[in-house]
Amino acid sequence: MALTGEKDDPFLFPSMDYQGDPPKFFSPDLLSSPLPTHSFFQNFVEEDGHNSVYIHPYLIKSSASSVSLCYPSRRVHSGSIEQVFKADLTISSSTQQTQQGSQSHHHVISSFSDLSVTLDIPSSDLTFFLVRGCPYVTFSVSHQTPLFSITTVHKFSFFPSNSSLTKYALKLDNGQAWLLYASLPIKVSNSYETMISFSKKYTSHDHGVSLVVRIALLPNSSSELEDVLDRYSTCYPVSGDALFTKPYCVEYKWEKRGFDNGDLLMLAHPLHLQLLSKDEGNVTILENFRYRSIDGDLVGIVGDSWLLKADHVPVTWYSTRGVKEESFDEIKSALSKDVAGLCSSEITTISDYYYGKFIARAARLALIAEEIGFLEVVPSVKKFLHETIQPWLDGTFDGNGFLYDAKWGRISIEAYSAGYFLYGIAVLAKIDPAWGMKYKPKAYSLMANFMNLARGSNSKYTRLRCFDLYKLHSWTLYEDLCYWESGWQQDSNSEAVNIYYSAALMGLAYGDIHLASIGSTLASLEIHAAKMWWHVKEGDNLYEDDFAKENKLVGYLSANYRLDLMRYYQCERECKIGFHVLPLLPITEFLFSDVDFVKELVKWSPSIYRVGDGWMGFVYALEGIYNNQVALEKIRSLKRFDAGNTLSNLLWWIHSRRDYRKMGSCHEKQCCFCHCCPNILRFRLL
């Protein structure tokens with residue numbers, strides 16, 4: 001289902017071809033549709049396409065004629081965790097075409113979906129069905145290619161087969177054991193210390209039939225785990241989709257094939273296991289079937305589809321429990337000063353990121369004023385929002401603007417920036433409905449750049465541009481199609497939450513329940529992922545002790561790295577906290593609902609060097625969750641604030657907190673966020 005907001009063709013901002021042609025790695029029949037700019041397999045299509053892609057549980061690296069598999073080890077320091085690639089096995093055709101005879105001298109993406117990518121190696125007549133979370137790497141060998149080879153950077157110790165020649169155990173001298181399964185009998189034609197060549201052992205029925213091969217690492221020497229891999233080796237996925245069938249739910253469905261009837265075995269990461277519905281669908285969890293991963297242990301799940309249920313997050317304009325009435329005068333005084341300081345002509349930056357923060361900061365003032373009944377300042381905020389938002393939407397802003405790249409199907413704005421603009425647009429559409437209706441097509445176009453659910457050539461934008469439907473969080477999207485050898489990264493999950501929270505608010509402003517539902521769902525998933533992978537807790541065994549003891553927050557997180565550094569290489573702890581809190585919003589309390597963790601985080605925060613008041617405001621905001629009066633006095637002493645923050649906003653936050661120790665059973669458990677809490681107003685979407 002598309003999220004365009006219009007039945008007719010959506011509005012498109014002025015076009016500009018500034019990114020060059022799409023990479024050569026996409027099949028020609030894919031070029032008529034918007035191409036992904038931030039997919040999990042982006043390393044296959046950037047630069048020379050030879051950098052590894054993490055397709056759980058393996059690192060996969062492709063070349064012009066082969067594909068290498070790695071079950072990665074990890075290099076751990078107090079400031080970083082890194083997955084290390086080593087070509088444990090490399091698969092190629094033993095009779096690959098010569099360069100003159102080959103139609104293509106590089107791999108080709110022939111299809112992709114939410115959870116998979118199909119990689120063709122034309123020079124070797126090999127096709128790899130790479131599906132995330134599959135314990136097997138599956139590939140087909142054309143019937144025209146009688147031979148394929150497997151090499152290793154290690155040495156083969158021995159490679160026994162079963163009697164039917166459809167299973168081999170490849171034992172390496174580094175202690176690894178890989179199991180190979182074939183849909184047809186194959187025999188070893190040549191073998192060396194570092195290479196084994198296989199050929200088909202034809203029967204009268206096999207000529208013209210492609211060979212399907214599956215390879216899986218045996219996690220340890222347990223015969224029970226080998227039995228599991230044997231049992232599910234004949235059913236394989238070729239693609240996987242994620243469906244938003246109802247609010248706060250994601251359903252995984254895989255297209256499967258097989259050379260025998262059987263059930264599908266996949267792997268779930270820790271967040272999958274946390275959200276997986278045990279009551280719906282026919283799934284079986286294999287607790288003892290595990291692969292290690294930088295994202296935590298991957299656990300076996302048997303089933304053709306999964307239903308993941310996220311927590312319900314209130315999508316509200318205002319605080320969830322209200323502001324203390326006795327604080328109204330103090331907040332009104334701050335609002336008067338903050339609103340008086342709004343002047344669009346004094347904004348000198350042309351950066352969409354900082355300009356967007358100025359817009360969202362003003363929009364917050366309008367909502368705070370509405371919540372406490374100080375409506376006389378709202379017209380001034382509305383005027384400022386008109387003056388700052390309209391030039392960007394009208395294309396009259398001097399020095400920057402939203403441009404549509406037709407070749408890639410994208411708008412030239414960074415994801416975090418878009419979240420701030422969407423927040424401002426949502427608020428302005430709320431307080432000025434006539435303006436909202438006039439600019440709705442442009443607002444929806446900006447939103448669809450990140451929130452489109454449609455597929456195919458009829459869509460103007462790629463599907464959920466930044467959101468990773470396997471990891472269940474977003475990756476940073478910069479305005480230029482930058483290239484990260486370690487995979488895409490994310491350094492501010494709070495700004496990622498803001499993208500989808502703001503889109504949900506836009507849905508409320510326009511009465512679009514579907515948009516509000518999808519935005520709420522994605523925001524909730526971002527919150528779950530932040531708590532799982534960015535909020536570091538000693539003793540939870542997700543990260544190694546050397547890293548967990550020194551870090552309460554992950555800075556940069558990529559597919560293959562965890563770093564303590566932040567954006568602009570900031571390492572001060574207060575800055576790290578700030579990047580994971582900003583912007584301070586009603587939904588922030590659900591991002592930091594674990595009060596015990598918040599206490600540890602604030603206690604951990606002091607750095608050697610003094611940081612600016614702008615950063616300290618976010619630290620004090622967290623302290624206000626459990627130590628309200630002390631935090632309030634610290635906030636009152638601040639002289640400066642982050643570009644997207646104000647004294648009014650911090651006072652609103654402090655005065656809308658409640659003593660977590662008096663909030664009932666949910667809060668007595670040190671948790672402000674659960675399904676059953678009667679104190680939380682939940683925005684239900686039917």
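Residues numbered from 1 in each chain as written. Predicted model: local features only at pLDDT ≥ 70, side-chain atom pairs only at ≥ 80, totals over all residues. Heavy atoms only, no water.

**Notes on helix α4 (residues 352-372)**
The terminal C-alpha atoms of α4, which comprises 21 residues, lie 31 Å apart, in line with the 30 Å expected from a rise of 1.5 Å per residue. In terms of burial, α4 is a largely internal element, 18 of the 21 residues being buried. Looking one or two places after α4, you find glycine 373, whose phi comes out positive at around 75°. (Helix = DSSP H or I, 4+ residues; strand = E, 2+ residues; numbered from the N terminus. Expected span 1.5 Å × (residues − 1). Buried < 20%, exposed > 50% of the residue type's maximum accessible area, 1.4 Å probe, protein only.)

**Looking at a negative patch on the surface**
Taken together, the side chains of Glu538, Asp545, Asp546 and Glu550 define an acidic patch exposed on the protein surface. Tracing the chain through its elements places glutamate 538 in the loop between α10 (513-534) and α11 (545-548). According to the relative accessible area criterion, glutamate 538 is partly exposed, its value standing at 47%. (Patch = residues over 30% accessible without salt bridge, like charges linked within 9 Å, V, L, I, M, F, W, Y side chains within 5 Å. Areas by Shrake-Rupley, 256 points an atom, 1.4 Å probe, with all protein chains shown as cover. Salt bridge = Lys/Arg side-chain N within 4 Å of Asp/Glu carboxyl O. Lys, Arg positive; Asp, Glu negative; His and termini not counted. Charge placed at Lys NZ, Arg CZ, Asp CG, Glu CD.)

**Some words on the packing of aromatic side chains**
Any pair of aromatic rings gets described here by the distance separating the centres and the angle formed by the planes. One pass over the full model with this rule turns up 35 aromatic pairs. Centre to centre, the rings of phenylalanine 13 and phenylalanine 402 are 5.4 Å apart; their planes meet at 75°, and the pair counts as edge-to-face. One end of the pair, phenylalanine 13, is in the segment before β1 (53-55); the other, phenylalanine 402, is in the loop between α5 (378-394) and β24 (404-405), with 389 residues separating them in the sequence. Exposure class is identical for phenylalanine 13 and phenylalanine 402. Each is buried. Look at phenylalanine 26 and phenylalanine 112: their rings are 6.3 Å apart centre to centre, the planes differ by 65°, and that puts the pair in the edge-to-face class. Taken together, the residues phenylalanine 26 in the segment before β1 and phenylalanine 112 in strand β7 (residues 108-113) connect sequence positions 86 residues apart. Aromatic ring contacts, followed pair by pair, group Phe11, Phe13, Tyr355, Trp392, Phe397, Phe402 and Phe421 into a single cluster. When the ring centre of tryptophan 652 is taken as reference, the NZ or CZ atom of arginine 364 above it lies at 4.5 Å. (Phe/Tyr/Trp six-rings, centres within 6.5 Å; stacked < 30°, edge-to-face > 60°. Lys NZ or Arg CZ within 6 Å of the ring centre and 35° of its normal.)

**Some words on unusual backbone geometry**
Glycine aside, residues mostly have negative phi angles, and peptide bonds mostly take the trans form. For the bond from histidine 56 to proline 57, the omega torsion is 10°, close enough to zero to count as cis. Mapped onto the fold, proline 57 is located in the loop between β1 and β2 (58-62). If you check the backbone angles, leucine 472 has positive phi at about 70° while not being a glycine. Here leucine 472 shows up in the loop between β26 (467-468) and β27 (473-474).

**Points about the nonpolar core**
In terms of nonpolar packing, the biggest core is built from 225 residues, with Phe44 and Leu385 touching the most fellow members. Residue contacts for phenylalanine 44: discarding those within four places in its chain leaves Phe25, Gly49, Asn51, Val53, Ile55, Ile60, Ser62, His107, Ile109, Val117, Leu119 and Leu130. (Core = buried A, V, L, I, M, F, W, Y, C linked by side-chain atoms within 4.5 Å. Contact = heavy atoms within 4.5 Å.)

**Considerations on the pattern of salt bridges**
Applying the stated criterion across every chain, the model contains 28 salt bridges. Between lysine 253 and glutamate 251 there is a salt bridge, and its shortest N-O distance comes to 3.9 Å. For lysine 253, a relative accessible area of 40% translates into the label partly exposed. Residues glutamate 589 and arginine 321 are paired through a salt bridge, measuring 2.8 Å at the closest nitrogen-oxygen approach. Remark: arginine 321 occurs in the loop between β23 (305-309) and α3 (328-340) and glutamate 589 occurs in helix α13 (residues 588-591); sequence separation between them is 268 residues. For the residue pair glutamate 589 and arginine 321, the accessibility class agrees, reading buried in each case.

**Observations concerning α3**
With 13 residues, α3 extends 18 Å between its outermost C-alpha atoms, agreeing within 8% with the 18 Å of an ideal straight helix rising 1.5 Å per residue. Turning to α3, its buried residues are Phe328, Ile331, Ala334, Leu335 and Val339. Seen end-on, α3 carries its buried residues on one side only, within an arc spanning 130°. Along α3, exposed side chains directed more than 90 degrees from the buried face belong to Asp329, Lys337 and Ala340. Tucked into the core, α3 has its buried residues touching α4, α5 and α17 (647-655). (Arc of directions from axis to C-beta.)

**Focus on the sheet that holds strand β19 (residues 249-258)**
Whether parallel or antiparallel, the strands of a sheet pair through hydrogen bonds between backbone atoms. Across the sheet, which stays open at both edges, the three strands sit in the order β18-β19-β23 with antiparallel pairing between neighbours. The open sheet is flanked by β18 (235-243) and β23, the only strands paired with a single partner. The sheet shows a mean angle of 20° between the axes of neighbouring strands, taken without regard to direction. (Pairing = 2+ DSSP bridges. Axes fitted to C-alpha atoms, helices over the stretch in contact; angles between N-to-C directions.)

**A look at the environment of threonine 462**
Of note, threonine 462 is situated in the loop between α8 (440-451) and β26. Along the sequence, threonine 462 and tryptophan 408 sit 54 residues apart, while their C-alpha atoms lie 8.2 Å from each other. Dropping the residues within four chain positions of it, threonine 462 is found in contact with Pro34, Leu35, Pro36, Gly409 and Asn452.

**With respect to the side chain of serine 52**
Looking at the secondary structure, you find serine 52 in the segment before β1. Take serine 52: its relative accessible area is 11%, and that puts it in the buried class. The residues contacting serine 52, other than those within four sequence positions of it, are Asn43, Leu59, Ile60, Lys61, Phe85 and Asn560.

**Let's talk about the confidence of the model for the protein chain**
Should pLDDT be low for a region, the predicted coordinates there are not to be read in detail. Considering every residue of the protein chain, the mean pLDDT works out to 89; 89% of them sit at 70 or more. Scored below 50 in pLDDT, residues 479-483 makes 16 contacts in the model with residues more than four places away or belonging to other chains. In the model, residues 663-686 has pLDDT below 50 throughout and makes 59 contacts with residues more than four positions away in sequence or in other chains. (pLDDT = per-residue confidence, 0-100.)

**Structural notes on the sheet that holds strand β15 (residues 186-191)**
The sheet built from seven strands is open, its strands ordered β1-β2-β3-β6-β11-β16-β15 with antiparallel pairing. Bordering the open sheet on either side are β1 and β15, each of which pairs with just one other strand. Here the strands of the sheet are splayed against their neighbours by 25° on average, with no regard to which way each runs. Bridging between β1 and β2 involves three bridges; their strand directions are antiparallel. Bridge pairing links valine 53 to isoleucine 60 in β2.

**Examining the pairing of strand β13 (residues 167-172)**
β13 sits mainly inside the fold: five of its six residues count as buried. Across two bridges, the pairing between strand β12 (residues 156-158) and β13 is antiparallel. Each bridged residue has a counterpart across the sheet, and for phenylalanine 158 the counterpart in β13 is lysine 171. Here β13 runs beside strand β14 (residues 177-182); their pairing, made up of five bridges, is antiparallel. Bridging from a neighbouring strand, leucine 170 pairs with tryptophan 178 of β14. Linking β13 back to β14 in an antiparallel pair, the connection comprises four residues, with glycine 175 at a positive phi of about 95°.

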